[in-house]
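Residues per chain, in single letters:
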Protein chains: 2
Amino acid sequence: MSDITGGLETSGIGLIKRAIELDRSKRYTESLICYQEGLQLLMQASKATGRSEAGKTALRNKMVEYMDRAEWIKSHIDKEKTTGRYHEQIFIEENSTGFSYESLVSRFLLEKCERVEIDDPYIRSHHQIVNFLKFAELLVKSQCGLRVIKLRTSADTTDHQQQQTKLAEIGSSLATHHVTLHTEFSSSLHDREIRLSNNWTIKIGRGLDYFKPAPGKLAIGAFNYDLRPCRQTTVDIFYKSPP
Amino acid sequence: MSDITGGLETSGIGLIKRAIELDRSKRYTESLICYQEGLQLLMQASKATGRSEAGKTALRNKMVEYMDRAEWIKSHIDKEKTTGRYHEQIFIEENSTGFSYESLVSRFLLEKCERVEIDDPYIRSHHQIVNFLKFAELLVKSQCGLRVIKLRTSADTTDHQQQQTKLAEIGSSLATHHVTLHTEFSSSLHDREIRLSNNWTIKIGRGLDYFKPAPGKLAIGAFNYDLRPCRQTTVDIFYKSPP
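Residues numbered from 1 in each chain as written. Chains lettered and ligands numbered in written order. Predicted model: local features only at pLDDT ≥ 70, side-chain atom pairs only at ≥ 80, totals over all residues. Heavy atoms only, no water.

*Asks:* How would you explain the packing of helix 2 (residues 28–46) of chain B against helix 3 (residues 53–82) of chain B if you had to name every residue and give the values?
*Replies:* Residue and element names in this part refer to chain B. Close contact between helix 2 and helix 3 brings their axes to 10 Å; oriented N to C, the two are set at 155°. Comparing the axis directions of helix 2 and helix 3 gives the class roughly antiparallel. The handedness of the crossing between helix 2 and helix 3 is left-handed. Its residues assigned to classes, the contact of helix 2 with helix 3 comprises 14 nonpolar, 4 polar and 4 charged. (Axes fitted to C-alpha atoms, helices over the stretch in contact; angles between N-to-C directions. Helix = DSSP H or I, 4+ residues; strand = E, 2+ residues; numbered from the N terminus. Parallel < 35°, antiparallel > 145°, perpendicular 65-115°, else oblique. Left-handed = near helix turned anticlockwise from the far one by under 90°. Nonpolar A, V, L, I, M, F, W, Y, C, P; charged D, E, K, R; others polar.)

*Asks:* Would you mind going over the interface of chain A and chain B in detail, with residue names and values included?
*Replies:* Taken together, the contact between chain A and chain B spans 41 residues of the former and 41 residues of the latter. Summed over both partners, the interface of chain A with chain B comes to about 3700 Å²; 63% of that surface belongs to carbon and sulfur atoms. If you sort the residues of chain A by the area they bury against chain B, Glu-137, Leu-218 and Ile-220 of chain A come out on top, with a joint share of 22%. Here chain A is connected to chain B by 2 salt bridges. When the shortest N-O distance is used, the salt bridge between Lys-141 of chain B and Asp-226 of chain A registers 3.2 Å. For the pair chain A and chain B, the interface holds 16 residue pairs in polar contact (both at pLDDT 80 or more). (Contact = heavy atoms within 4.5 Å. Buried area = accessible area lost by both parts, 1.4 Å probe. Salt bridge = Lys/Arg side-chain N within 4 Å of Asp/Glu carboxyl O. Polar contact = N/O pair within 3.5 Å; in protein donor to acceptor, adjacent residues only side chain to side chain.)

*Asks:* Talk me through helix 5 (residues 126–141) of chain B; I want residue IDs and the actual numbers.
*Replies:* Each α-helix turn comprises 3.6 residues. Residues three or four places apart therefore point the same way. Residue and element names in this part refer to chain B. For helix 5, with 16 residues, the first-to-last C-alpha span of 22 Å sits near the 22 Å given by 1.5 Å per residue. Within helix 5, 13 of the 16 residues are buried, which leaves it mostly tucked inside the rest of the structure. Positive phi shows up at Gln-143, right after helix 5, with a value of about 55°. (Expected span 1.5 Å × (residues − 1). Buried < 20%, exposed > 50% of the residue type's maximum accessible area, 1.4 Å probe, protein only.)

*Asks:* A description of unusual backbone geometry should follow, citing residues and the corresponding values.
*Replies:* Unusually for a residue other than glycine, Lys-26 of chain A sits at a positive phi of about 60°. Lys-26 of chain A gets classed as exposed once you look at its relative accessible area, which sits at 53%.

*Asks:* Tell me about the packing of helix 5 of chain B against helix 6 (residues 160–175) of chain B, and please be specific about residues and values.
*Replies:* All names here are of chain B. Packing of helix 5 against helix 6 brings their axes to within 11 Å, and their N-to-C directions diverge by 15°. One element, helix 5, and the other, helix 6, form an angle in the roughly parallel class. The two elements helix 5 and helix 6 meet at a crossing, and its hand is right-handed. On the side of helix 5, the interface is formed by His-126, Ile-129, Phe-132, Leu-133, Ala-136 and Val-140, while helix 6 contributes Gln-163, Lys-166, Leu-167, Ile-170 and Leu-174.

*Asks:* Describe the pattern of salt bridges, naming the residues involved and giving the relevant values.
*Replies:* Residue and element names in this part refer to chain A. A complete count under the given rule lists 46 salt bridges over all chains for this structure. Note that Asp-191 and Lys-203 form a salt bridge whose closest N and O atoms lie 3.7 Å from each other. Here Asp-191 is found in the loop between strand 4 (180–185) and strand 5 (193–196), whereas its partner Lys-203 is found in strand 6 (residues 200–204), with 12 residues between them in sequence. For Lys-203, a relative accessible area of 25% gives the class partly exposed. The structure contains a network of salt bridges with shared partners spanning Arg-115, Glu-117, Asp-119, Lys-150, Arg-152, Glu-184, Asp-191, Glu-193, Arg-195 and Lys-203.

*Asks:* Got a sec to walk through the pairing of strand 6 of chain A? Specific residues and values, please.
*Replies:* Residues and elements named next belong to chain A. With 4 of 5 residues buried, strand 6 lies mostly within the body of the structure. Bridging between strand 5 and strand 6 involves 2 bridges; their strand directions are antiparallel. Bridging from a neighbouring strand, Ile-194 pairs with Ile-202 of strand 6. Where strand 6 lies against strand 7 (residues 233–239), 5 bridges are found, and the strand directions are antiparallel. Bridge assignment links Ile-202 to a residue of strand 7, and that residue is Ile-237. (Pairing = 2+ DSSP bridges.)

*Asks:* Just give me the short version of the domain arrangement of chain A, but keep the residues and values in it.
*Replies:* Residue and element names in this part refer to chain A. As far as domains go, chain A holds domain 1 (3–83) and domain 2 (88–239). Computed over C-alpha atoms only, the centres of domain 1 and domain 2 are separated by 31 Å. Between domain 1 and domain 2, the contact holds 8 residues from the first and 9 residues from the second. On the domain 1 side of the interface with domain 2, the three residues burying the most area are Arg-27, Thr-29 and Lys-81, jointly 67% of the side's total. At the boundary of domain 1 and domain 2, one finds 2 salt bridges. The salt bridge partner of Glu-30 is Arg-107, with a shortest N-O separation of 3.5 Å. Taken together, domain 1 and domain 2 are joined by 3 residue pairs in polar contact (both at pLDDT 80 or more). A total of 4 residues in the side of domain 1 that touches domain 2 trace back to one element, the largest contributor, which is helix 2 (residues 28–46). (Domains from an automatic or database assignment.)

*Asks:* Tell me about the sheet that holds strand 7 (residues 233–239) of chain B, and name the residues and values.
*Replies:* Residues and elements named next belong to chain B. Pairing within the open sheet is mixed, and its 7 strands lie in the order 1-7-6-5-2-3-4. Only two strands of the sheet have a single neighbouring strand rather than two, namely strand 1 (87–92) and strand 4 (180–185). This sheet shows a mean twist of 10° between the axes of neighbouring strands, independent of strand direction. As paired elements, strand 1 and strand 7 share 6 bridges and run antiparallel to each other. What sits directly across from Ile-92, in strand 7, is Thr-233. Docked against the sheet, helix 6 engages strand 3 (148–153) and strand 4, running at close to 160° with respect to strand 4.

Below, the structure is given as structure tokens:
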């Protein structure tokens, strides 16, 4: 087996292991993606020459098993979605990594999503406004057909003017990408919730502000949020079937 | 057809269109990934109920056509790799977007890669050192089994001490991720080249510094480099078969 094939197989097995873990935690939408991507790599590896017939058969039997499981997950998600009961929970442990906005949300942006409503009382200080910008970048990048972002947050009592200026700057930039930002300040807002117009709702216990600071300005994790340690929080994901 | 299925199909078709474009430009390794991901989405869409029999057949026939093309590309890449002749060229146009380090390089990090050598004469000013850090984050995140990064660059004549301090900070952070950074300063370095120990070489005409500044500190593209306009440059990708 060449190094390349070995590499593909190792990566494929890694993804399948992750899929099984996620499957056990009932994190089905993530698990499905890992199964699919893992199977794709194994499929490529299985076609390589230089493997014994017995080895090929063993690998293929395993692949059939994973495919069956992926099929079950897919139909389970579809069924629960139809009945409007789909619910998935992700528990982010203190100091864990791998939870960038992209890792958390991008799989729900494969479907068309013209409007996103974000309720988060803490989009006030500079780093929180930057969080909001990063989330908006993900929405723009995903090419889900975004037209409107509606942000509801609370007013910064120390410098509301500056908060408004910064959000207006993001709004102007979004406008150049054909997205309208509506901002609303509410003093009675407590819940954090992100509602996508494609019927998915993502509730992050702490809202968008669940990352710890990077260990330094030039440290791994300073820019890539998948490498940033997180604060403990729970993420609930719901699918509400359209009326 | 439900909105969801429609969304899957639209996303799938979008990816296939991109695959065909890349295929025409002989950007095969990227094209293959787009075909595979597009086919996966179409596969899901094709299983949905509510489509006419004629519609199903038409979609499936198209899928078979794309699968054949993806298979041809895969075997073409494999053949050229075996003979050590694989070469792919990406022309990044002035002001174009979608060329983050991740978009450019992550497909070569699915295979095991323990050592990465970077020759780039301009890792000197702060934003260039940040570029290097972002590239290092990508390598760490990819889980390719990275152990060593070797950076060859030229000394900053205005403040070499500060350049060394900043690179040492990145080195300490990499060490906490079990990666050793070797830095070497050369005054005769002209070529830009990134050599991966899994035999892929990526040559970016301008080196890592090919992004334009974002339009503002709180603008779309300030953090996500796929949304940053680029400067014109050419990327050559080679595969050198092991001796």
